[in-house]
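A look at the structure
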Amino acid sequence: MKLIFRYLLLIGSFYVSKAQSPNNMVNNESIVYGDYSLFTDIGDVEISNKSLKMNLSKKFSTVNALFAVSYENHSRRFKDIFEGQLFNSFKTSYLVGFSAAFKKTYEDNWTAGWTFAPQLNSTFQSAANGDDLILAGNIQIGKSWNPSILYRKAEIIFGLHYDTLFGAPQLYPLVAYSNWINQSWSYTIGFPHSNLNYSLNNNQNISFLIHSESNFTNNSAEISINGTDTFLNSKLESRSLAISLNYDSILGDYWIAGFGISYLPITELRILDTFNNQLYQFDGSESLGINFRVKYKLNKMK
């Protein structure tokens, strides 16, 4: 399953970064971002996610700095009564994180940057401990052509990321080539994301996205699966391949609102021990998802 998941994600990695899309207008900008999503059936579990994030950016000559704080609430409804009783301590989990990112521009439009993003992923059934902490981050370099001419712009990026994009924390490569075709279309071919966007006008954007939808959290409460062995600091790992269609619209000078629908043809939900060895696997199934989001720009859109 792991090899199939990565292979499908790789062949789907046609990532498009839309010219003048609402999503890109807030990149490296100061924003407050709220999001709600619901997935009907990941491993026979209904999952709802709520998140709130704030980005604060500052430009210093050739260096862009971005600082962010984030909070996420993940709720799970186990459809199987037995599994609901067995894993009751996993019904709600949280993510609290902070990140600092810096990107420097060099001659001939070369860039280099890094991000440090520590986060707590936990059910917080007891006091936070070292198993709740994930030290995520990335480094990357890039090269752009015609950056001041939007409909002729092109960019290539290479990097290494360490985070929970594929479930349990791991290191993986990033590579992406972007090309802005015209004022309505652009594309990026790369790994690990996939997206195609089209601008209806200056205020509305439609995007088609293929991506990973995952979650990884620690549970400090004691669980027992077979009635005899007990486990502390067990993990819940959720991994899915998602195909999404999104719509975003700029509302006035400060607001951006959007919604999306997703189809998840491959889902995987597992319980792991403290060393990430599998203890229990839920039945995998297809799933559908919906998403609503709103962004508030802290300074007026230009």
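Everything below is about the structure printed above this text.
What counts, and where the lines are drawn
Residues numbered from 1 in each chain as written. Predicted model: local features only at pLDDT ≥ 70, side-chain atom pairs only at ≥ 80, totals over all residues. Heavy atoms only, no water. Buried < 20%, exposed > 50% of the residue type's maximum accessible area, 1.4 Å probe, protein only. Helix = DSSP H or I, 4+ residues; strand = E, 2+ residues; numbered from the N terminus. Pairing = 2+ DSSP bridges. Polar contact = N/O pair within 3.5 Å; in protein donor to acceptor, adjacent residues only side chain to side chain. Patch = residues over 30% accessible without salt bridge, like charges linked within 9 Å, V, L, I, M, F, W, Y side chains within 5 Å. Areas by Shrake-Rupley, 256 points an atom, 1.4 Å probe, with all protein chains shown as cover. Salt bridge = Lys/Arg side-chain N within 4 Å of Asp/Glu carboxyl O.

1. A closer look at the pairing of strand β10 (residues 185-191)
For a regular strand, the rule is simple: side chains alternate between the two faces of the sheet. Buried residues dominate β10, accounting for five of its seven residues. One ladder, built from six bridges, connects strand β9 (residues 170-180) with β10; its direction is antiparallel. Bridged to Asn 179 within β10 is Tyr 187. The antiparallel pairing of β9 with β10 creates a hairpin that spans four residues between the two strands. Inspection of the sheet shows β10 paired to strand β11 (residues 194-199) by two bridges, in the antiparallel sense. Within β11, the position partnered with Ser 186 by the bridge is Asn 197. Hairpin connection from β10 to β11: two residues lie between these consecutive antiparallel strands.

2. Regarding unusual backbone geometry
Looking along the chain, the bond that leaves Phe 191 and enters Pro 192 is cis, with omega of 20°. Along the chain, Pro 192 falls in the loop between β10 and β11. Positive phi is not limited to glycine here, since Asp 108 has a value of about 60°. Secondary-structure assignment places Asp 108 in the loop between β5 (92-105) and β6 (110-122). You can call Asp 108 exposed: its relative accessible area is 56%.

3. Observations concerning the environment of Asn 129
Mapped onto the secondary structure, Asn 129 falls in the loop between β6 and β7 (133-145). Sequence separation of Asn 129 and Asn 233 is 104 residues, and the distance between their C-alpha atoms is 9.2 Å. Within the structure, the side chain of Asn 129 is placed 3.3 Å from the side chain of Asn 233, a separation counted as a polar contact.

4. What about a nonpolar patch on the surface?
A contiguous nonpolar surface patch, about 910 Å² in accessible area, is contributed by Met 54, Leu 56, Phe 67, Val 69, Phe 98, Leu 251, Tyr 254, Trp 255, Val 294, Tyr 296 and Leu 298. Elements represented by at least two residues in the nonpolar patch include exactly β3 (45-60), β4 (63-78) and β18 (287-297). Mapped onto the elements, Phe 98 comes out in strand β5.

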